[in-house]
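Summary of the model geometry
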Amino acid sequence: MQLQVGMIVRAAAGKEQNQFWMIVRMDEQYVYLADGKHRTLQNPKRKNPKHVRATQTAWNPGGLTDKMLRQKLRLFKEGNKFVERRFD
């Protein structure tokens, strides 16, 4: 799946592994992710695209605030708890 701005992704590597983020910006080498709490829309985290896994959800980032992003990601995560269960 092709990554695009506004897409919700799950970090597959790093200390924020398995957390959900929104792509707020992209360039040739990196995607820039925000969660609204630790990484705001104005100060996104730079991450290698190989280290994120796309979901099939995308939101329009226009007019979005950090508070709205936090709330949407929390509801998204609660709705996808069955996906995060491990069967080790």
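Residues numbered from 1 in each chain as written. Predicted model: local features only at pLDDT ≥ 70, side-chain atom pairs only at ≥ 80, totals over all residues. Heavy atoms only, no water.

Remarks on the packing of aromatic side chains
Both the distance between ring centres and the angle between the ring planes are used here to describe each pair of aromatic rings. The line we're drawing: Between 30 and 60 degrees the pair is tilted, below 30 it is stacked and above 60 it is edge-to-face, where a pair is any two Phe, Tyr or Trp rings, Trp via its six-membered ring, whose centres lie within 6.5 Å. Each helix corresponds to a stretch of at least 4 residues labelled H or I by DSSP, and each strand to a stretch of at least 2 residues labelled E; elements are numbered beginning at the N terminus. Between buried and exposed lies partly exposed: a residue is buried under 20% and exposed over 50% of the maximum accessible area for its type, with that area taken using a 1.4 Å probe on protein chains only. Consider the ring centre and the ring normal. A charge sits over the ring if Lys NZ or Arg CZ is within 6 Å of that centre and within 35 degrees of that normal.
Here the structure, examined in full by the defined rule, presents two aromatic pairs. Summarising the aromatic geometry, the rings of Phe20 and Phe76 are spaced 5.0 Å apart at their centres and angled 85° between planes, so their arrangement reads as edge-to-face. You can see Phe20 sitting in strand β2 (residues 20–26) and its partner Phe76 sitting in helix α1 (residues 66–79), a full 56 residues away along the chain. This pair shows no difference in class: Phe20 is buried, exactly as Phe76 is. Their ring planes at 90° and their centres at 6.2 Å tell us that Trp59 and Phe76 sit as a pair that is edge-to-face. Here Trp59 is found in the loop between β5 (52–58) and α1, whereas its partner Phe76 is found in helix α1, with 17 residues between them in sequence. The same class applies to Trp59 and to Phe76, which are both buried. Each residue in the set Phe20, Trp59 and Phe76 is aromatic and connected to the rest through ring pairs, giving one cluster. If you follow Arg25 out to its NZ or CZ, it ends over the ring of Tyr32, 4.3 Å from the centre. Taking NZ or CZ as reference, Arg46 lies 4.3 Å from the ring centre of Tyr30, over its face.

Points about the confidence of the model for the protein chain
If pLDDT is low for a region, its predicted coordinates should not be looked at in detail. Applied cut-off: Residue-level confidence of the predictor is what pLDDT reports, using numbers from 0 through 100. In this description, contact between two residues means that some pair of their heavy atoms is separated by no more than 4.5 Å.
Per-residue pLDDT for the protein chain averages 85, and the proportion of residues at 70 or more is 89%. Across the protein chain, element-level confidence peaks in strand β3 (residues 31–34) with a mean pLDDT of 95 and bottoms out in helix α2 (residues 81–84) with 49. Confidence drops under a pLDDT of 50 for residues 82–88, and excluding neighbours within four residues, the segment shows four contacts in the predicted structure.

Here's the deal with the nonpolar core
Operational definition: Nine residue types can take part in a nonpolar core, namely buried Ala, Val, Leu, Ile, Met, Phe, Trp, Tyr and Cys, and a core is a set of them joined through side-chain atoms within 4.5 Å.
Ile8, Phe20, Met22, Val24, Tyr32, Ala34, Leu41, Trp59, Leu64, Leu69, Leu73 and Phe76 form the largest nonpolar core, which has 12 residues in total. The set of elements that each furnish at least two residues to this core consists of β2, β3 and α1. Counting nine residues, the second-largest nonpolar core is a separate cluster that includes Leu3, Val9, Ile23 and Val52.

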